[in-house]
Amino acid sequence: MSDAQDHKDKMQKVQAKHRKKVSEAVDPGRGLILINTGKGKGKSSAAFGVVIRALGWGQKVAVVQFIKGKWKTGERRFFQERDLVTWHTMGEGFTWDTQDRERDIAAANAAFDKACNLMASGEYDLVVLDEINIALRYEYLSAEQVMEGLNARSDRTSVFLTGRDAPQELRDYADLVTEMTEEKHPFKSGIKAQRGVDY
């Protein structure tokens, strides 16, 4: 058998296996819970890629940003200038900026209250809870509280949670979990954050 024929046979087997898997897959009849976590860069960036995908299908999207506060980012500018996404930046900045635990807890809870209203409204196909895992890591919110809010969401609504250190309870609960792994980062070489790449 020639290399070309051998390759063709292998690819046909792969294709048949994939088609069988696709034919057996079921629609869950509800939105999915997606998590991007880990120490690697790109958790929020990947979630905003899914936002663009949803918008491409004419779906309605909302974003609630925890922690980032008034920090200007390219994605926030892009979506707000075009009025494409319902956007709420609720945090007061990174926790080391405020250095006030009670204030941070209040800000995280206000953000989550807003998120719960959006998720339960039935108006959105996708709600992104950007950096919510950081609020969980510092115990500004509890995993039980977040799962309760997720359980109360509209069947229409998928929810994307980002931020490092997602708690195990949420990982177990989610439909998709992606762990971003850092192999190399320019900041560790003394290179400052770059507009359009880092924010």
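The preceding data block contains the structure.
Trainee: Where do I start with the sheet that holds strand β4 (residues 126-130) in this structure?
Mentor: Strands in a sheet are paired, the pairing made by backbone hydrogen bonds, and the direction either parallel or antiparallel. If you walk across this open sheet you meet the 6 strands as β3-β2-β4-β5-β1-β6, and the pairing is parallel. On the outer flanks of this sheet lie β3 (86-89) and β6 (176-179), each paired with one strand and no other. Between one strand axis and the next, the sheet turns by 10° as a mean value, whatever way the strands run. Here β4 runs beside strand β5 (residues 158-162); their pairing, made up of 4 bridges, is parallel. By the bridge assignment for β5, Val 128 is matched with Phe 160. Of the strands in this sheet, β1 (33-37), β2 (61-65), β3, β4 and β5 are in contact with helix α2 (residues 43-56), which crosses β4 at around 165°. Docked against the sheet, helix α5 (residues 101-120) engages β2, β3, β4 and β5, running at close to 170° with respect to β2.

Trainee: How should the nonpolar core be read in this particular structure?
Mentor: Side chains of a nonpolar character, in soluble globular proteins, are inclined to be buried together. Core analysis: the largest hydrophobic core is formed by 29 residues, its most contacted members being Phe 66, Leu 129, Leu 141, Val 146 and Leu 161. Elements that contribute at least two residues to this core include exactly β1, β2, α5, β4, α6 (132-137), α7 (143-151) and β5. Ranked by the residues each element gives to this core, the list is headed by α5, at 6 residues. Not counting chain neighbours up to four residues away, the residues in contact with Leu 129 comprise Val 64, Phe 66, Ala 115, Met 119, Val 159, Phe 160, Leu 161 and Thr 162. In terms of nonpolar packing, the next biggest core, distinct from the first, is built from 13 residues, Phe 48, Val 61, Leu 126 and Val 128 among them.

Trainee: So what exactly am I meant to see when it comes to α5 here?
Mentor: Since one α-helical turn is 3.6 residues long, residues separated by three or four positions face the same way. The first and last C-alpha atoms of α5 sit 28 Å apart over 20 residues, in line with the 28 Å expected at 1.5 Å per residue. Every buried residue belonging to α5 is among Asp 104, Ala 107, Ala 108, Ala 111, Phe 112, Ala 115, Leu 118 and Met 119, and all of these are buried. Angular distribution of buried residues about the axis of α5 spans 130°; they occupy a single face of the element. The outward face of α5, more than 90 degrees from its buried face, is lined by the exposed residues Glu 102 and Asn 117. Two residues or fewer past α5, Gly 122 is found with a positive phi of approximately 80°.

Trainee: Mind showing me how you'd approach the packing of aromatic side chains here?
Mentor: To describe a pair of aromatic rings, you give the distance between the ring centres and the angle between the ring planes. Going through the model one piece at a time under the given rule, you end up with 5 aromatic pairs. Ring centres of Phe 78 and Phe 79 lie 5.2 Å apart, and the angle between their planes is 85°; on these two criteria the pair is classed as edge-to-face. The class for Phe 78 is partly exposed, based on a relative accessible area of 35%. Given a relative accessible area of 3%, Phe 79 falls into the buried group. Look at Tyr 138 and Tyr 140: their rings are 5.8 Å apart centre to centre, the planes differ by 25°, and that puts the pair in the stacked class. Since its relative accessible area comes to 30%, Tyr 138 is described here as partly exposed. The class of Tyr 140 is buried, set by a relative accessible area of 6%. An aromatic cluster of three or more residues is present, and its members are Phe 48, Phe 78, Phe 79 and Trp 87. One residue, Lys 60, lies across the ring of Tyr 124, its end atom 4.9 Å from the ring centre.

Conventions we followed
Residues numbered from 1 in each chain as written. Predicted model: local features only at pLDDT ≥ 70, side-chain atom pairs only at ≥ 80, totals over all residues. Heavy atoms only, no water. Pairing = 2+ DSSP bridges. Helix = DSSP H or I, 4+ residues; strand = E, 2+ residues; numbered from the N terminus. Axes fitted to C-alpha atoms, helices over the stretch in contact; angles between N-to-C directions. Contact = heavy atoms within 4.5 Å. Core = buried A, V, L, I, M, F, W, Y, C linked by side-chain atoms within 4.5 Å. Buried < 20%, exposed > 50% of the residue type's maximum accessible area, 1.4 Å probe, protein only. Expected span 1.5 Å × (residues − 1). Arc of directions from axis to C-beta. Phe/Tyr/Trp six-rings, centres within 6.5 Å; stacked < 30°, edge-to-face > 60°. Lys NZ or Arg CZ within 6 Å of the ring centre and 35° of its normal.

Functional significance is not addressed by these values, which are geometric in nature.
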